[in-house]
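Examining the three-dimensional arrangement
Below are the chains, spelled out letter by letter.
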Amino acid sequence: MNNIMDAPFVTEMRRTTANMYRLGWDERNGGNISRLLDENEVAGYLDMNQVLRELPLGFEAKPLAGRLFIVTGSGKYFKNVEDDPETNLGVIRVGADGRTAQLLWGYQDGGRPTSELPAHLMSHMARLGVDPENRVVMHCHPTHTLAMNFVHELDEKKLTHTLWEMCTECIVVFPDGVGVLPWMLCGTNEIGAATAEKLKAFRLVVWGMHGIYGAGKTMDETFGLIETVEKAAQIYMLTAHLPRLNTIQDREMKELAEFFGVNYRKDFLNL
Ligand code: 2HA
Ligand code: ZN
């Protein structure tokens, strides 16, 4: 058996959480990541018959029965993942009944998966329905995106439009736009279901006055989506209080989307 510390999926989680921590997106225990693992990625690193613990999910995820995920731990700090992945991360398999998580590795201090596991697993189910290649769900608290939530209308069309206006490439990176949920209690099945519903139409969902969710095929795609929103929000926050002399026009955004061949939310432009 190979050492799981050398597994690419562990290295990727260590690097990504460290990167997000240093960007200031994941203070204290803020943020969580889950990545769906293919069985052949895990084979060779883990004995699939050795279940360390069984944890109740508190909801049903039957379509994910048997699927494997690497997930950040509840209450754990992104700051600490790099140095101690075995305490701060876990590999779980969804049980045959869809109601339990079987721990195969990690959470070695007796911990459990993120409190946002309902939002993560429901989001995986929703995204897989739209894109069978979706693998990653990521949540964090990026500073400027959050700041923008307090001074900009939390309306999907208006928020997406403002973000698209802030960087030339935004409409190309997230042509599907950004979904928005109002402030809701986090860690619940309700916010999980609401997030998953939004992720059927968007790969990005803002949780009003809390943070953001991203979903994608790879860690890079998902990180890149959130990074691009955060960059646009930063430009917005640097300029919102100043007179606006120039702006990218809607016809120019249309030109960009058409040139790069992306399927964009035409109803989010005012043409
Ligand atoms: O896990 O970010 O939304 C910490 C959070 C909850
Ligand atoms: Zn959060």
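You'll find the structure just up there.
Here goes a summary of the coordinates provided. (Residues numbered from 1 in each chain as written. Chains lettered and ligands numbered in written order. Predicted model: local features only at pLDDT ≥ 70, side-chain atom pairs only at ≥ 80, totals over all residues. Heavy atoms only, no water.)

**Some details on the sheet that holds strand E8 (residues 204–207)**
- Pairing in this open sheet of nine strands is mixed, and the strands run E2-E5-E4-E3-E1-E6-E9-E8-E7 from one edge to the other. In this open sheet, the two edge strands, each paired with only one partner strand, are strand E2 (53–56) and strand E7 (179–181). Averaged over all pairs of adjacent strands, the angle between their axes in this sheet comes to 25 degrees, without regard to strand direction.
- Of the strand pairs in this sheet, E8 and strand E9 (residues 211–216) are connected by four bridges, and their pairing is antiparallel. Residue Leu204 lies in a different strand from E9, and its bridge partner there is Gly214.
- Against the sheet, helix H10 (residues 219–239) touches strand E1 (32–37), strand E6 (136–140), E8 and E9, its axis set at about 145 degrees to E9. (Pairing = 2+ DSSP bridges. Helix = DSSP H or I, 4+ residues; strand = E, 2+ residues; numbered from the N terminus. Axes fitted to C-alpha atoms, helices over the stretch in contact; angles between N-to-C directions. Contact = heavy atoms within 4.5 Å.)

**Observations concerning the pattern of salt bridges**
- Within this structure, the stated rule accounts for 15 salt bridges.
- Note that Glu221 is salt-bridged to Arg203, the shortest N-O span being 2.8 Å. Pair noted here: Glu221 is in helix H10 and Arg203 is in the loop between helix H9 (189–198) and E8, with a separation of 18 residues, a long-range link.
- Close ionic contact of Arg265 with Asp267 constitutes a salt bridge, the shortest N to O distance being 2.8 Å.
- Relative accessible area serves as the criterion here: at 25%, Arg265 is assigned to the partly exposed category.
- The exposure class assigned to Asp267 is partly exposed, which follows from its relative accessible area of 42%.
- Among the ionic contacts, a cluster of salt bridges with common partners joins Glu12, Arg35 and Glu41. (Salt bridge = Lys/Arg side-chain N within 4 Å of Asp/Glu carboxyl O. Buried < 20%, exposed > 50% of the residue type's maximum accessible area, 1.4 Å probe, protein only.)

**Description of the nonpolar core**
- Counting 54 residues, the largest nonpolar core has Phe9, Ile70, Leu163 and Phe174 as its most contacted members.
- A per-element tally of this core places H10 first, with eight residues.
- If we ignore the near neighbours within four places in the chain, the residues touching Phe9 are Ile4, Arg35, Leu37, Glu41, Val42, Tyr45, Ile70 and Val91.
- Within the second largest apolar cluster, 19 residues are counted, among which are Leu36, Leu57, Phe59 and Leu64. (Core = buried A, V, L, I, M, F, W, Y, C linked by side-chain atoms within 4.5 Å.)

**What to know about the coordination of the zinc ion (ligand 2)**
- Each protein donor to the zinc ion (ligand 2) is listed here as His139 (NE2), His141 (NE2) and His210 (NE2); together their distances run 2.0 to 2.1 Å.
- Here the donor residues of the zinc ion (ligand 2) are spaced in sequence according to H-x1-H-x68-H. Note that His141 is positioned in the loop between E6 and helix H6 (143–151) and His210 in the loop between E8 and E9, a separation of 69 residues in sequence.
- Judged by its relative accessible area of 16%, His210 is buried. (Donors = N, O, S within 2.8 Å, 3.2 Å for Na, K, Ca; no water.)

**Section: the packing of helix H7 (residues 156–166) against H10**
- Orientation of H7 relative to H10, taken along the N-to-C sense of each, is 85 degrees, at an axis distance of 8 Å. Comparing their axes, H10 and H7 come out roughly perpendicular. Along the contact surface, H7 presents Thr162, Leu163 and Met166, while H10 presents Val229, Ala232, Ala233, Ile235, Tyr236 and Thr239.
- Across the contact of H7 with H10, the residue classes break down as seven nonpolar, two polar and no charged. (Parallel < 35°, antiparallel > 145°, perpendicular 65-115°, else oblique. Nonpolar A, V, L, I, M, F, W, Y, C, P; charged D, E, K, R; others polar.)

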